[in-house]
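This is what each chain is made of:
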Amino acid sequence: MSSHSSESVPEQMLVDVLAAEEMSVYCVYEPGLVDPFPEIPARVLARRGLLRRIQSTQAEICRLQAMQYEAVAEFAGKAEDRSVVARELALALAVSPRAAENQIGLAEALVTRLPETLKAMRRGEIDAYKASKIHEPAAALTDEQAREVDAIMAGRIGRKDPSGLRRSTALAVARVDPDGYARRCARRRARRGIELVPQGEGMVRLCADIPVEVGAAAYARIDAEAHRRRRADMSKTVEQYKADVFAELLLKDTSGLTVGPKAEVFIYMDVYTWLNLNTKPAEMAGQGIIPAWLANEIANGTNTTLRRLITDPDDGQIISVGRRSYRPPTALARLAYARDRECRSPVCHRPAQVCELDHVEAWDADGGETSCDNLASFCAKDHHIKDLPGWSYTMDKDTGEITITTPTDDQYTSKPEPLHEPRNNPLPDEDPPPF
């Protein structure tokens, strides 16, 4: 190996040596092998050598994921309260609760129901994402049926991509449990619904789980109308027309007329931005940052209601108001929701206005006040967790920072971002202060 050292061999010579003498072996994809030249910088390798390094690194990632998922399964199995173990894992990994739930589900399936799939991960053949494409179609099966599907898939994993693995697994599931597959199709249709997924940069993805024939018919209608409009007006792409037609169809009222959005959404923008004195970005609760032009477009819409919020110019936080009754008055609730913007758990981003207000310090005749410095927005799940054994929430009344302590004594903090940076001079000038 010393003859291949990057310190003793000129780079061009090393490229020539690797390309001529080693690449026939170096580029064979065998997940069990490791990079035979790890000490050589990537910039020195020929393209075939780089591809082999990418492959061998991916194989090592697969093996490490197998180790991690085995640990996740053990961690979940040793939890005293299984109902909240995903929340604890989400906090530890800084991922969403849903992602943690999915990780636990896959981990437990791999160690109990899909041993051949786990072996493939240990060999470096598939990663966790590909393993999930085997787990998901088999999730509703009994343990015995799942292991039968796992055995079938052991000979099919090969070099399939994720979509190919899922299709192949679905065929195996239908073969192993044809009656159950038919029943599950009926149940899935009954659980149809929609989901709004933030995408950033002023966009969201609206996803719908609907029966296949309904979805196919709806898409065909949207596609046909989009192409019709495209033929008449080439100013937009077909995909843009599809999105516009989709939105228009959803926003039609009972008379068939297209109307603007009327649902309540919260937009936080600097008054200077609203007055077009600066172009600082605004924020839409639960969806993230939007540019000034879009915030102004929404704020000036025909269905928009503007509410005034007073902030402290020293720190940009909304000024709180104290109350002594248990149930917050409407104005106080709006103030708390406006301050929080989202669920106060560090790993949950549900808009505050669909959350529940909780007294961080329990309310009673002589206890925590019903005031902004003791109220916090939590989704139903996180609100429930607060009262479980081993969990505690505390709130710093001066900063609004919430500290969450989990059953493993780990601590995680959450603090709402200020609505604007501190201002030395709150009045606009030639160069308005930042949002």
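Under an unreviewed UniProt entry, the name given to the protein is DUF222 domain-containing protein, and the organism recorded is Amycolatopsis taiwanensis.

With respect to the secondary-structure elements, G202 resides in the loop between β1 (193-200) and β2 (203-209). For G202 and M284, which are 82 residues apart along the polypeptide, the C-alpha to C-alpha distance reads 9.0 Å.

All right, on to the packing of helix α6 (residues 128-138) against helix α8 (residues 162-176) then. Contact geometry of α6 with α8 gives a least axis separation of 8 Å together with a crossing angle of 25°. It follows that α6 is roughly parallel to α8 by the angle criterion. Here α6 runs over α8; the crossing is right-handed. Where α6 approaches α8, its residues Y129, K130, K133, I134, E136, P137 and A138 are matched on the opposing element by P162, L165, R166, T169, A170 and V173. In terms of residue class, the contact of α6 with α8 is built from eight nonpolar, one polar and four charged.

Strand order across the open sheet formed by three strands is β8-β9-β10, with antiparallel pairing between neighbours. In this open sheet, the two edge strands, each paired with only one partner strand, are β8 (392-395) and β10 (411-414). Ignoring which end each strand starts from, the neighbouring axes of this sheet average 20° apart. Both strand β9 (residues 402-405) and β10 contribute to a ladder of four bridges, which runs antiparallel.

What follows covers the nonpolar core. Counting 52 residues, the largest nonpolar core has L110 and W391 as its most contacted members. Looking at this core, the element that brings in the most residues is helix α4 (residues 97-112), giving six residues. Aside from chain neighbours lying at most four places away, what touches L110 is Y69, P115, T117, L118, M121 and A131. Core analysis: the next-biggest nonpolar cluster, separate from the first, contains eight residues, L335, A336, A352 and L357 among them.

Conventions adopted
Residues numbered from 1 in each chain as written. Predicted model: local features only at pLDDT ≥ 70, side-chain atom pairs only at ≥ 80, totals over all residues. Heavy atoms only, no water. Helix = DSSP H or I, 4+ residues; strand = E, 2+ residues; numbered from the N terminus. Axes fitted to C-alpha atoms, helices over the stretch in contact; angles between N-to-C directions. Parallel < 35°, antiparallel > 145°, perpendicular 65-115°, else oblique. Left-handed = near helix turned anticlockwise from the far one by under 90°. Contact = heavy atoms within 4.5 Å. Nonpolar A, V, L, I, M, F, W, Y, C, P; charged D, E, K, R; others polar. Pairing = 2+ DSSP bridges. Core = buried A, V, L, I, M, F, W, Y, C linked by side-chain atoms within 4.5 Å. Buried < 20%, exposed > 50% of the residue type's maximum accessible area, 1.4 Å probe, protein only.

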